[in-house]
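# Coordinate inspection notes
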Amino acid sequence: MVSVANTKAYDWGKSGKGWPLVNTDGLSVIEELMPPGTEEEMHSHEICQQFFYILNGSATFIVDAQSHTLNENQGIHIKSGVAHQIRNETSENLIFLVVSQPRSHGDRKTID
């Protein structure tokens, strides 16, 4: 059994936290926390596809220059090669799962 209680957290971005729940070359499942008013850089993945699923709070995704708001129990699939960014524009913590296939580490291209 795996959970955030028995998985070592890591820091990402300016103040985000991540808990790797599955970490293999072919699949990554991470529970992540974004504090209020934070965002990641716009980026894409050449090989990896991702699925984000909101557990708590509300997220704003910018996907190919279009804005999408996702609330609890909603998800979004990001295909490989697609520019995207997640933002927490609320005053509450955002908690979500990000599933990457294959894992995204080393497959990230920042977009200005």
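Heads up: these notes are all about the structure in this document. Each chain has its residues counted from 1, following the order in which its sequence is written. Totals for whole chains, interfaces and linings use every residue, but because this is a predicted model, local features are given only for residues with pLDDT of at least 70 and side-chain atom pairs only at 80 or more, for both listing and counting. Note that the side-chain values use all heavy atoms of the structure and ignore hydrogens as well as water.

### What to know about the pattern of salt bridges
The rule for a salt bridge is simple: a side-chain nitrogen of Lys or Arg has to be within 4 Å of a carboxyl oxygen of Asp or Glu. Going through the model one piece at a time under the given rule, you end up with five salt bridges. A salt bridge links Glu39 to Arg87, with the shortest nitrogen-to-oxygen separation between them at 3.6 Å. Separated by 48 residues along the polypeptide, Glu39 in the loop between β3 (28-34) and β4 (43-44) and Arg87 in strand β9 (residues 84-87) bring together distant segments of the chain. Here's how the labels work: a residue is buried when its accessible area is under 20% of the maximum for its type, exposed when over 50%, partly exposed in between, all with a 1.4 Å probe on protein chains only. Looking at Arg87, the relative accessible area reads 23%, which means it is partly exposed. In this structure, the salt-bridge partner of Glu89 is Arg87, at a minimum N-O distance of 3.5 Å. Judged by relative accessible area, Glu89 falls into the exposed class, the value being 53%. Connected through shared salt-bridge partners, Glu39, Arg87 and Glu89 make up one network. Helical segments are the DSSP runs of H or I of at least four residues, strand segments are the runs of E of at least two, and each set is numbered from the N terminus.

### A short note on the environment of Gly57
Mapped onto the elements of the fold, Gly57 is located in the loop between β5 (49-56) and β6 (58-63). According to the relative accessible area criterion, Gly57 is buried, its value standing at 13%. For the pair formed by Gly57 and Ile111, sequence separation is 54 residues and the distance between their alpha carbons is 26 Å. Contacts: residue pairs with any heavy atoms within 4.5 Å of one another. Setting aside anything within four residues of it in sequence, one finds Gly57 in contact with Leu70, Asn71, Glu72, Asn93 and Leu94.

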